[in-house]
Amino acid sequence: TDLRPLDILSEVVPASGLARGMRVFQVQGVRGFQLAASRPRALGFPASRLFIHCDCFPEEFSIIVTLRVLSVPAKVSTAGRARCGQGPSPMAGLSARALQRNEYIFTLMAEESPSVLVGLRYAPDKLHFLFWSQEQAGGWQTRVTFHNISLSNNQWHTLVLAVSGQSFSLTVDCSIPKDMVVETPFPASLSVKRASFYLGNRRRRKGVFTGLLRQLVLLPGADATPRICTAMNLKEAMLSVPTVLQDVPTKPASNEVLKYPYETDTKVTLGSPPPCTKQEKAQFWFDASQRGLYLCNGSAWISMLEVKQRLDYVEEYQNLVTNSETMGVEVFSIPKVGLFAATANRYTPPGSAIYKWTDGKFVPYQNIPTYQAQSWKYFTIGKKIFLAVANFEQNDRGQEFSVVYKWSRRKEKFVMYQRIPTHSARDWEAFVIEGEAFLAVVNHREGNNHNIDSVIYRWNPRTGLFETNQTIPTSGAYDWEFFTIGPYSFLAVANTFNGTSTKIYSHIYIWLSGSFQLFQSILTFGAADWEVFHIGDRVFLAVANSHSYDSGTAAPSNFYAINSSIYELNITAQMFVKFQDLLTYSALDWEFFSVGDDSFLVVANSFDGFTFSVNSIIYRWQGYEGFVAAHHLPTVGCRDWEAFHTAEGSYLLYSSAKEPLSKVLKLKTT
Ligand SMILES: [Ca+2]
Ligand SMILES: [Ca+2]
Ligand SMILES: [Ca+2]
């Protein structure tokens, strides 16, 4: 017999994309399908696709479901029900339907028959398992009901239902199983001839599952609980999940405790403290938050391991309340003066702020009037110290310009030095080629026109001013990134939008005989940032892709959950080639940093199509494996990351484009 897991959910997802009536949503960093009620048959497939060798449903099996149930407001009047379907949010339309008492997670139904051969139905606080017994004339429906199953707390849950004869056992989130023995056994031979599976429905519009479904697997044979419940993160308790729902797994800091060998008939329970009575005697409980393993002695939990101090790799260090939402941050150090951070803030007044690192934290130092500032760039020319701001908006007199400030040693402040006319400027880049200083601005758009020139200015030592040296056509550009390889100088632009599409080429230019010339074009998706970095003698270039939109093609299931890519310079081919794709959520920035011998990349994930509260992720360089997710950081509308070091250690600073709060995180090293 074939004891492979049969992935029911994946069967409904064609290789070419999503079935009609399915959408991908991500909540709490985990993705699932939302199903539409309008075409229940579209969410079905013949059972013969799963049961290849025999038209029979297994006699013993487990069903594994990972889902998130839509919570129902405690009190909704009848009048309120009618209105709440009209809201603008995609979830609002669901609330009326969510009030239905019964929702099918899946059914298996014979053709032209309304009876359910096998089915799973959720009602608030109850889970019903349905099956059909054919032994007697006409057959009859049996319903096994598990009570006090509360799933509507806006969390993901994984259910394992194990069926064998008269015994039915349900485990929710790997807690202690609820066992039931019923009179009617599950049939030893249930024919599935001309039957079909239906996802989230019973071939009708009524009773469609309104929550999110992530995993639905049938495992013939044994009780899957021991196989499932070894995962430390319950959200990740899975056997099989459709490719489109897979994302970077949350990597536990250490799972050595769970490798602790345990007998097949002892059970390890995760989650909050379960009861410990005679029934639970000799069972283990793993306290995931404290990393403790406990044994129930019949009345109390006895600690089996020393509870280890939790080692936080990254810890919150300072909440930096900013003038307003912050687009970019720049950390720099002025010799003999100190370490500073400049935030590019949204509103005027008071404009943007400069903070000075004092007694181990950033404290306000200077405010500078800016106009929807997007970013700051610190640079020096000889002994002169400059800080340039990219202003996105006009000032109150309708003039539009960005400003270069110069550090005044006498005043110990930045003072206005040169105004440069710009068009919705996003970013400045400063660099030196053959001893000459340059400053490049990205102009994002002029009115509604995104296809405009960005400008490279050259420092004129005689006048002490920046003068136009070259213009380069860009499309809704967001970022310039300068880098050198050997004797060659490069400048990469991140193009975001050309007026109709975000799937456009971003370009890398090379400096040849006095100007930048096109070197390579790379297809990007609303590119917001280029980050160049070196590991050993290898050169990499990472793009942050923010948005996949094209007016000419069908909308994807999610505009924001898309790959951002890392390219590596291939010396022989003299071009950058794709090295690795990483799934990001409207990525706006990459920041490379190293600690000791280790190299890291942190991404600014800003939006998943659903919420701005998205985890940003630190990836660790693991050589052959490339970058591997090492730490998940909760962020809100994350816009920019900066890494910096002081004598006390290494830190990350992140800015939020959605709230006036930036955060300093400390990298804890062992
Ligand atoms: Ca830049
Ligand atoms: Ca960057
Ligand atoms: Ca950055």
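About the thresholds
Residues numbered from 1 in each chain as written. Chains lettered and ligands numbered in written order. Predicted model: local features only at pLDDT ≥ 70, side-chain atom pairs only at ≥ 80, totals over all residues. Heavy atoms only, no water. Donors = N, O, S within 2.8 Å, 3.2 Å for Na, K, Ca; no water. Buried < 20%, exposed > 50% of the residue type's maximum accessible area, 1.4 Å probe, protein only. Helix = DSSP H or I, 4+ residues; strand = E, 2+ residues; numbered from the N terminus. Disulfide = S-S within 2.5 Å. Polar contact = N/O pair within 3.5 Å; in protein donor to acceptor, adjacent residues only side chain to side chain. Contact = heavy atoms within 4.5 Å. pLDDT = per-residue confidence, 0-100. Pairing = 2+ DSSP bridges. Axes fitted to C-alpha atoms, helices over the stretch in contact; angles between N-to-C directions.

**Comments concerning the coordination of the calcium ion (ligand 2)**
- Those donors, Asp529 (OD), Asp529 (OD), Glu531 (OE), Asp589 (OD) and Trp590 (O), are the protein atoms that reach the calcium ion (ligand 2), and they lie 2.3 to 3.0 Å from it.
- Between consecutive donor residues of the calcium ion (ligand 2), the sequence gaps follow D-x1-E-x57-D-W.
- Between the calcium ion (ligand 2) and the calcium ion (ligand 3) the interatomic distance comes to 3.9 Å, and Asp589 is a ligand of both metals. The same class applies to Asp589 and to Trp590, which are both buried.

**As for the coordination of the calcium ion (ligand 1)**
- Within the protein, Asp427 (OD), Asp479 (OD) and Trp480 (O) serve as the donor atoms for the calcium ion (ligand 1), at 2.3 to 2.6 Å.
- In primary-sequence terms, the residues that donate to the calcium ion (ligand 1) follow D-x51-D-W. A residue pair is termed long-range when its members are at least 10 positions apart, and Asp427 in strand β30 (residues 425-433) and Asp479 in strand β34 (residues 477-485) qualify at 52 residues. Comparing Asp427 with Asp479 shows no difference in burial state: the two are buried.

**Digging into the state of the cysteines**
- Applying the stated criterion across every chain yields a total of 1 disulfide.
- A sulfur-sulfur distance of 1.8 Å marks the disulfide that ties Cys54 to Cys56. Across the S-S bond of Cys54 and Cys56 the torsion is about 125°, and the bridge reads as right-handed.
- Here Cys56 falls in the partly exposed class, since its relative accessible area comes to 30%.

**Describing the side chain of Ser655**
- Looking at the secondary structure, you find Ser655 in strand β47 (residues 649-656).
- A distance of 3.3 Å separates the side chain of Ser655 from the backbone oxygen of Thr326, its partner in a polar contact.
- When residues no more than four places from it in sequence are discounted, the contact partners of Ser655 are Thr326, Met327, Gly328, Val329, Gly637, Cys638, Arg639, Asp640 and Ser662.

**Digging into unusual backbone geometry**
- Cis geometry is adopted by the peptide bond preceding Pro349, which originates at Thr348 and carries an omega value of -15°.
- Examined against the element boundaries, Pro349 turns out to sit in the loop between β23 (338-345) and β24 (352-358).
- Here the residue pair Pro349 and Pro350 is connected by a cis peptide bond, since its omega of 0° sits within 30 degrees of zero.
- Among the secondary structure elements, Pro350 is positioned in the loop between β23 and β24.
- The residue Glu112 is not glycine, and still its phi comes out positive at about 55°.
- With respect to the helices and strands, the residue Glu112 is situated in the loop between β7 (103-110) and β8 (116-123).
- Non-glycine residue Arg194 carries a positive phi angle of around 55°.
- Looking at where Arg194 falls in the secondary structure, it is placed in the loop between β14 (190-191) and β15 (195-199).
- Classification of Arg194 as exposed rests on a relative accessible area of 56%.

**As for the side chain of Asn460**
- Examined against the element boundaries, Asn460 turns out to sit in strand β32 (residues 451-460).
- Contact partners of Asn460, with chain neighbours within four places excluded, come to Leu465 and Glu467.

**With respect to the confidence of the model for the protein**
- Per-residue pLDDT for the protein has a mean of 83; in total, 83% of the residues score no lower than 70.
- Note that pLDDT drops below 50 for residues 247-267; the model gives that stretch 43 contacts with residues more than four away or on any other chain.
- Confidence over residues 306-312 falls short of pLDDT 50; this stretch has 10 contacts with residues more than four positions distant or in other chains.

**Describing the pairing of strand β26 (residues 373-381)**
- Most of β26 is tucked away, with 7 of its 9 residues classed as buried.
- Taken together, the 8 bridges between β26 and strand β27 (residues 384-391) define a ladder with antiparallel strand orientation. Bridge pairing in β27 links Ala373 to Asn391.
- Here β26 folds back onto β27, and the loop between the two strands holds 2 residues, one of which, Gly382, carries a positive phi near 60°.

**Section: the sheet that holds strand β41 (residues 575-585)**
- Strand order across the open sheet formed by 4 strands is β38-β39-β40-β41, with antiparallel pairing between neighbours. Every interior strand has two partners, whereas the edge strands, β38 (527-535) and β41, have only one. On average, each strand axis in the sheet is tilted by 20° relative to the strand beside it, whichever way the strands run.
- Note: β38 against strand β39 (residues 538-545), 8 bridges, orientation antiparallel. The residue of β39 that forms the bridge with Ala527 is Asn545.

**Remarks on the pairing of strand β35 (residues 488-495)**
- With respect to burial, β35 is a largely interior element, 7 of its 8 residues being buried.
- In terms of strand pairing, β34 meets β35 through 8 bridges, oriented antiparallel. Considered in β35, the bridge of Glu481 is made with Ala492.
- The antiparallel pairing of β34 with β35 creates a hairpin that spans 2 residues between the two strands, and Gly486 there sits at a positive phi of about 55°.
- Pairing analysis gives 4 bridges linking β35 to strand β36 (residues 503-512), with the strands arranged antiparallel. Bridge pairing in β36 links Leu491 to Tyr509.

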